[in-house]
Amino acid sequence: MPAQVLTSVVDGLMLGFVYGVAAMGMTLIWGVMRVINLSHGPLIALGMFGTYFLFTGLGLNPYLGLLLIAVVGLVAGFVIYGVAVHRVINAPYLSSLLATFAVSMMIIGVGTAALSTSPFNVDFSLGSVAAGPLTIPGTRLMAAFAAVLVAGLLYLFLYRTKPGKAIRAVSNNRGAAELMGIPSSRVLALSFGIGTMLAGLAGGLIATFFPFTILSGETYQLKSFVIGVLGGLGNPIGALVGGLVLGLLEGIIPAFMPVSWVPVIEFALFVLVLLIRPTGLLGGRA
Amino acid sequence: MAALEVRDITSGYGEVQILWGVSLKLEPGKLTALVGSNGSGKTTMLRTIMGQLRAWQGQVTFQGQDITRLPSYQRASEGLVLVPEGRQLFTDMTVQENLEMGAFAPRPQPQMRRNMERVFALFPRLAERRSQKAGTLSGGEQQMVAVGRGLMAEPRILMIDELSLGLSPRLTLDLFESLRRLKNEGQTILLVEQNVAMAMAVGDYAYVMAEGRVKMEGHARDLLHNEEIRAAYLGV
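Residues numbered from 1 in each chain as written. Chains lettered and ligands numbered in written order. Predicted model: local features only at pLDDT ≥ 70, side-chain atom pairs only at ≥ 80, totals over all residues. Heavy atoms only, no water.

1. Notes on the overall build of chain B
Logical step 1: Looking only at helices and strands, chain B features ten helices and ten strands.
Logical step 2: Here the C-alpha radius of gyration of chain B, 17 Å, is about what a compact globule of 236 residues would show, namely 18 Å.
Logical step 3: Dimensions along the principal axes, computed over C-alpha positions, put chain B at roughly 50 × 40 × 35 Å.
Logical step 4: Each of the 236 residues in chain B was classed as buried or not, and the buried ones make up 55%.
Logical step 5: In chain B, 66% of the contacts between residues at least 6 apart in sequence involve partners at least 24 apart. (Helix = DSSP H or I, 4+ residues; strand = E, 2+ residues; numbered from the N terminus. Rg over C-alpha atoms; globule rule 2.2 N^0.38 Å. Buried < 20%, exposed > 50% of the residue type's maximum accessible area, 1.4 Å probe, protein only. Contact = heavy atoms within 4.5 Å.)

Next up, the structure:
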């Protein structure tokens, strides 16, 4: 029994790192511009297909492929911001919600037509690491490592670099940022670009160990809501911690009760945190 | 040449017109005071000069260039700097980060370290609190950050909206003393202030606004001693 629990805990944590990366982009956009990006899930799915086509089609190592996915994701984010989000950024919440929902439907519609909804699989392995009763696939370890790296880099970017601080300034008080000579529209576009890049990276990592379809991002998008509330908005370290908490729950809960209880408990937690600490367990936003 | 010239500006919010053809001029190196009762259009004037509010008619000329259609962040980059009413700090960022944001534009960026020392010399209390989040400071300290953040931009024109609002008399005196020092260093300043006596005491030139129009202008000293103006507009 202890060995089985240990395995569940480690499995859960490994999954949690991935949830963390998946949520980071969403909570960044949410925190900086108060836009709930409903196209986040489909963008994660596009990241999965990115890895698939680069690896299966071009034979590129998936981790090198991630660099390309990051660049494409950043540019795609600029485009989505410019076309769909910028014009509704000052409108009530519902407008931006609908705008990103429209983007989501377009990606899913075109994706379903072009890629069907039968699962794809990236046939890539890094072997596995065994420690006592545990066996962890190398790809999962790499994903965990990448998650920590991305969270750390994003934190350094937001707190130590000039454009990063400008993002926090615009997030904190957009009007005042303009008075400081900060071009806030460009800063918002940059934030959206980074959020989209993170969605692509998360998808690209997940594809190395889970089969997927164009619809696979939705799960991660839903989890991102819970994680954003747990870890606070716009804080990459918070997203990582929130992801780990969620992963841990998903590892442990099935050891004690039917697996179908997992979402029930997760969203009960979501409501509970909203009621008790609306700014997130880890406090404020960027 | 005037540092800033505003000609026949009309402006307002939505359908509601607030400014009815306001003209004013700032001379370089001088402190110009803009006074008037609540609702006379002073803040609206500043917001229109900054481009936060669109001018319906009229022209804003900054250093000989027409900037009436320029977005506000570009005006700020050029050195037209507003310390807004209510301070509008980046409350979740530290004092030092707030000051760094003041020097965001390319023009003041190279002198950021030197200017920060200058701000700390002007407001020593900020140096002690540099790593503290701006939102946790007292009202007076927040006003110091707001003015300091404005100075970090190396303003060609520093505009301050309600320097003394909500501050104790002691702090108000201190801040006005800092303002006088800035003026003596050659800083061009436009001061909007409810404390008319104080504004006139440090000001060189003054405009009195009422009902969205300039009702009177002249040397601050003359206006302050004009009985008619004192009774009608200044309430002192």
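2. Overview of the pairing of strand β4 (residues 57–62) of chain B
All names here are of chain B.
Logical step 1: Here strand β1 (residues 4–13) runs beside β4; their pairing, made up of five bridges, is antiparallel. Considered in β4, the bridge of leucine 4 is made with phenylalanine 62.
Logical step 2: The pairing of β4 with strand β5 (residues 65–66) spans two bridges and is antiparallel. Counted as the bridge partner of threonine 61 is aspartate 66 from β5.
Logical step 3: The antiparallel hairpin formed by β4 and β5 contains two residues in its connecting segment, where glutamine 63 sits at a positive phi of about 55°. (Pairing = 2+ DSSP bridges.)

3. Observations regarding the nonpolar core
Logical step 1: Core analysis: the largest hydrophobic core is formed by 117 residues, its most contacted members being Ile182(A), Leu4(B), Met45(B), Leu80(B) and Met159(B).
Logical step 2: Excluding anything up to four places from it in sequence, Leu80(B) contacts Leu4(B), Ile49(B), Met50(B), Phe62(B), Ile67(B), Arg75(B), Ile157(B) and Met159(B).
Logical step 3: With 47 residues, the next largest nonpolar core counts Val95(B), Leu126(B), Leu167(B) and Val202(B) among its residues. (Core = buried A, V, L, I, M, F, W, Y, C linked by side-chain atoms within 4.5 Å.)

4. Topic: the interface of chain A and chain B
Logical step 1: Chain A puts 20 residues into the contact, and the matching count from chain B is 22 residues.
Logical step 2: Seen at the junction of chain A and chain B, the total is two salt bridges.
Logical step 3: The shortest N-O distance in the salt bridge between Lys165(A) and Glu100(B) comes to 2.5 Å.
Logical step 4: Connecting chain A to chain B are nine residue pairs in polar contact (both at pLDDT 80 or more).
Logical step 5: Breaking the side of chain A that touches chain B down by element, the ones donating at least two residues are α6 (162–172) and α7 (174–179) of chain A.
Logical step 6: Here the side of chain A that touches chain B gets six residues from one element, more than from any other, and that element is α6(A).
Logical step 7: For the side of chain A that touches chain B, the per-class residue count stands at ten nonpolar, four polar and six charged. (Salt bridge = Lys/Arg side-chain N within 4 Å of Asp/Glu carboxyl O. Polar contact = N/O pair within 3.5 Å; in protein donor to acceptor, adjacent residues only side chain to side chain. Nonpolar A, V, L, I, M, F, W, Y, C, P; charged D, E, K, R; others polar.)

5. Notes on the packing of helix α2 (residues 40–57) of chain A against helix α4 (residues 93–115) of chain A
Residues and elements named next belong to chain A.
Logical step 1: Two numbers describe how α2 lies on α4: the axes approach to 9 Å, and their chain directions differ by 35°. As for the relative orientation of α2 and α4, their crossing is left-handed in sense. Facing Pro42, Leu43, Leu46, Phe49 and Phe53 of α2, the residues of α4 in contact are Ser104, Ile107, Ile108 and Leu115.
Logical step 2: Considering only residue class, the contact of α2 with α4 consists of eight nonpolar, one polar and no charged. (Axes fitted to C-alpha atoms, helices over the stretch in contact; angles between N-to-C directions. Left-handed = near helix turned anticlockwise from the far one by under 90°.)

6. Notes on the environment of Gln143(B)
All names here are of chain B.
Logical step 1: Relative to the helices and strands, glutamine 143 resides in helix α6 (residues 139–152).
Logical step 2: Separated by 21 residues in the primary sequence, glutamine 143 and serine 164 place their C-alpha atoms 8.5 Å from one another.
Logical step 3: In contact with glutamine 143, not counting residues within four places along its chain, are Val83, Arg87, Glu162, Leu163, Leu167 and Leu175.

7. Things to note about a nonpolar patch on the surface
Residues and elements named next belong to chain A.
Logical step 1: A contiguous nonpolar patch, built from Leu126, Met142, Phe145, Leu149, Leu153, Tyr155, Leu156, Ile237, Val241 and Val245 and spanning about 850 Å² of accessible area, is present on the exposed surface.
Logical step 2: Secondary-structure elements contributing two or more residues to the nonpolar patch are α5 (138–160) and α10 (236–256).
Logical step 3: Ranked by residue count, the leading element in the nonpolar patch is α5, at six residues.
Logical step 4: Positionally, leucine 156 belongs in helix α5. (Patch = residues over 30% accessible without salt bridge, like charges linked within 9 Å, V, L, I, M, F, W, Y side chains within 5 Å. Areas by Shrake-Rupley, 256 points an atom, 1.4 Å probe, with all protein chains shown as cover.)

8. A look at the layout of surface pockets
Residue and element names in this part refer to chain A.
Logical step 1: Space inside the largest pocket adds up to approximately 460 Å³.
Logical step 2: Along the wall of the largest pocket there are 17 residues; nearest its centre are Leu149, Val150, Leu153, Met197 and Leu201.
Logical step 3: Sorting the residues of the lining of the largest pocket by element identifies α3 (62–85), α5 and α8 (184–206) as the ones contributing at least two each.
Logical step 4: Considering each element in turn, the lining of the largest pocket owes the most residues, eight residues, to α5.
Logical step 5: Partitioned by chemical class, the residues of the lining of the largest pocket number 17 nonpolar, no polar and no charged.
Logical step 6: Here the second largest pocket is characterised by a volume of approximately 280 Å³.
Logical step 7: Together, 20 residues line the second largest pocket, and Leu46, Gly47, Gly50, Ile69 and Val72 are the ones closest to its centre.
Logical step 8: Put simply, the parts of the chain that give the lining of the second largest pocket at least two residues each are α2, α3, α4 and α8.
Logical step 9: The biggest single contributor to the lining of the second largest pocket is α2, with seven residues.
Logical step 10: Of the residues assigned to the lining of the second largest pocket, the class counts are 14 nonpolar, six polar and no charged. (1 Å grid on protein atoms, 1.4 Å probe; cavity = no way out; pocket = protein on both sides within 12 Å on 5 of 7 lines; lining within 4 Å. Points joined across faces, edges and corners; volume = space filled by probe spheres on them.)

9. Observations concerning the packing of aromatic side chains
Logical step 1: One pass over the full model with this rule turns up 16 aromatic pairs over all chains.
Logical step 2: Seen in terms of ring centroids, Tyr63(A) and Phe124(A) are 6.0 Å apart; in terms of plane orientation they differ by 65°. Their pairing is edge-to-face. Placement of the pair is Tyr63(A) in helix α3 and Phe124(A) in the loop between α4 and β1 (128–131), with a sequence separation of 61 residues. For the pair formed by Tyr63(A) and Phe124(A), the shared burial category is buried.
Logical step 3: Centroid distance Phe209(A) to Phe210(A): 5.0 Å. Interplanar angle 80°. Geometry classified as edge-to-face.
Logical step 4: The class of Phe209(A) is buried, set by a relative accessible area of 17%.
Logical step 5: Its relative accessible area of 26% is what places Phe210(A) among the partly exposed residues.
Logical step 6: In this arrangement the basic side chain of Arg140(A) is found over the ring face of Phe209(A), its NZ or CZ atom lying 4.9 Å from the centre.
Logical step 7: The ring of Phe90(B) carries Arg149(B) above its face, with NZ or CZ at 5.0 Å from the centroid. (Phe/Tyr/Trp six-rings, centres within 6.5 Å; stacked < 30°, edge-to-face > 60°. Lys NZ or Arg CZ within 6 Å of the ring centre and 35° of its normal.)

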